[in-house]
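Next come the chains, spelled out residue by residue.
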Amino acid sequence: MDRYAVFGNPIGQSKSPFIHSQFAVQCAQQMQYEAILAPVDGFADSWHHFVASGGKGGNVTVPFKQQAYQLAETLSARAQLAGAVNTLYTDRAGKLYGDNTDGIGLVHDLTRLNIDLPGCTVLLVGAGGASRGVIGPLLDAGVSQIVLANRTVDKAQAIAANFDSRVLACGLTDIPQQGYSLIINATSSGLSGGRPDISTQHLKQCQLAYDMVYGAEPTAFMSWAKQHGVTRQADGLGMLVSQAAAAFTIWRGVTPDIAPVMNALKQLLQA
Ligand code: ATR
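Residues numbered from 1 in each chain as written. Predicted model: local features only at pLDDT ≥ 70, side-chain atom pairs only at ≥ 80, totals over all residues. Heavy atoms only, no water.

J.: Before we move on, can you summarise the environment of Thr-173 with the specific residues and values?
T.: Mapping Thr-173 onto the fold places it in the loop between strand S9 (167-171) and strand S10 (182-185). Here Thr-173 falls in the exposed class, since its relative accessible area comes to 81%. In sequence terms Thr-173 and Arg-151 are 22 residues apart; their C-alpha atoms lie 8.4 Å from each other. (Helix = DSSP H or I, 4+ residues; strand = E, 2+ residues; numbered from the N terminus. Buried < 20%, exposed > 50% of the residue type's maximum accessible area, 1.4 Å probe, protein only.)

Put into structure tokens, the structure is as follows:
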């Protein structure tokens, strides 16, 4: 049976084995998908061991996305732009191919939520790996501007330098007051119950407040946006399942339906 795995440290919290097992059943694919805890300084060895024992492909999560980027022999354009890899497999030429499906996962989820991306002005808060991976795909989807705001402004500037003038870097207190139809929280603040400290001024024209973090309850950022009049909020569960679906399609050549898997995952989170 074809073997796939997600590599991370820690890895116990990963929903990827659940998601891919559901996809496999849904698409009648003979495959198994496991979680592998790789040592923090031993990702490459772990990957090579997996491939030597028959592993076909893998997903990579924190903290190994940059190491997977270094390890890959061929990179997709979006992985190059992201500077990070979340999907690996050996291609027909026998070379290790690295891709990044995080950004396309977000774009697919925003499309599912009926957000009209062409011409959209986006406020993207946070300048870690999560942000970097989604900027290229958002631009490719036609957004007209991305204001990249970060607590530490230098990190936003360093990322914006990889893109054209559609991407503007700033700090959290000097975000241009121009109205944003979409505000995305790409900070890790939600993981500890917090939210980035931005002015409610920026929420005025916001159609959707999107948090890349997800959980059983709405995140602090979602609740705050709702409290200040934003009618729609979403967490990152759809992005998680969509990035997994994109990886599954790359490996297996079939595209799973994400809706039943999202529902199953929601039930799992509530349990
Ligand atoms: P990763 O690369 O895995 O996304 P990271 O590099 O630690 O993780 O980035 C986390 C992001 O969340 C950063 O943009 C961080 O802001 P700083 O660069 O200023 O550290 C942001 N972040 C985390 N907690 C935050 C908080 N409470 N308020 C605002 N931003 C926060």
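J.: A description of the site of the ligand should follow, citing residues and the corresponding values.
T.: In the neighbourhood of the ligand, 13 residues make up the surrounding shell, with Ala-127, Gly-129, Asn-150, Thr-152 and Lys-155 lying closest. Measuring from an oxygen atom of the ligand, one finds a backbone N or O atom of Ala-127 at 2.8 Å. Thr-152 is positioned such that a nitrogen or oxygen atom in its side chain is 2.5 Å from an oxygen atom of the ligand. Looking at the shell around the ligand residue by residue, the class counts come to three nonpolar, eight polar and two charged. (Near = heavy atom within 4 Å. Polar contact = N/O pair within 3.5 Å; in protein donor to acceptor, adjacent residues only side chain to side chain. Nonpolar A, V, L, I, M, F, W, Y, C, P; charged D, E, K, R; others polar.)

J.: Give a detailed account of the packing of aromatic side chains, specifying residues and quantitative values.
T.: Under the defined criterion, the tally for this structure stands at 10 aromatic pairs. An aromatic cluster of three or more residues is present, and its members are Phe-7, Phe-43, Trp-47, Phe-50 and Phe-64. (Phe/Tyr/Trp six-rings, centres within 6.5 Å; stacked < 30°, edge-to-face > 60°.)

J.: So what's going on with the environment of Gly-171? Which residues, and what values?
T.: Its location among the elements puts Gly-171 in strand S9. Residues Gly-171 and Pro-10 lie 161 residues apart in sequence; the distance between their C-alpha atoms is 31 Å. Here Gly-171 is in contact with Ala-149, Asn-150 and Val-153, once residues within four sequence places are set aside. (Contact = heavy atoms within 4.5 Å.)

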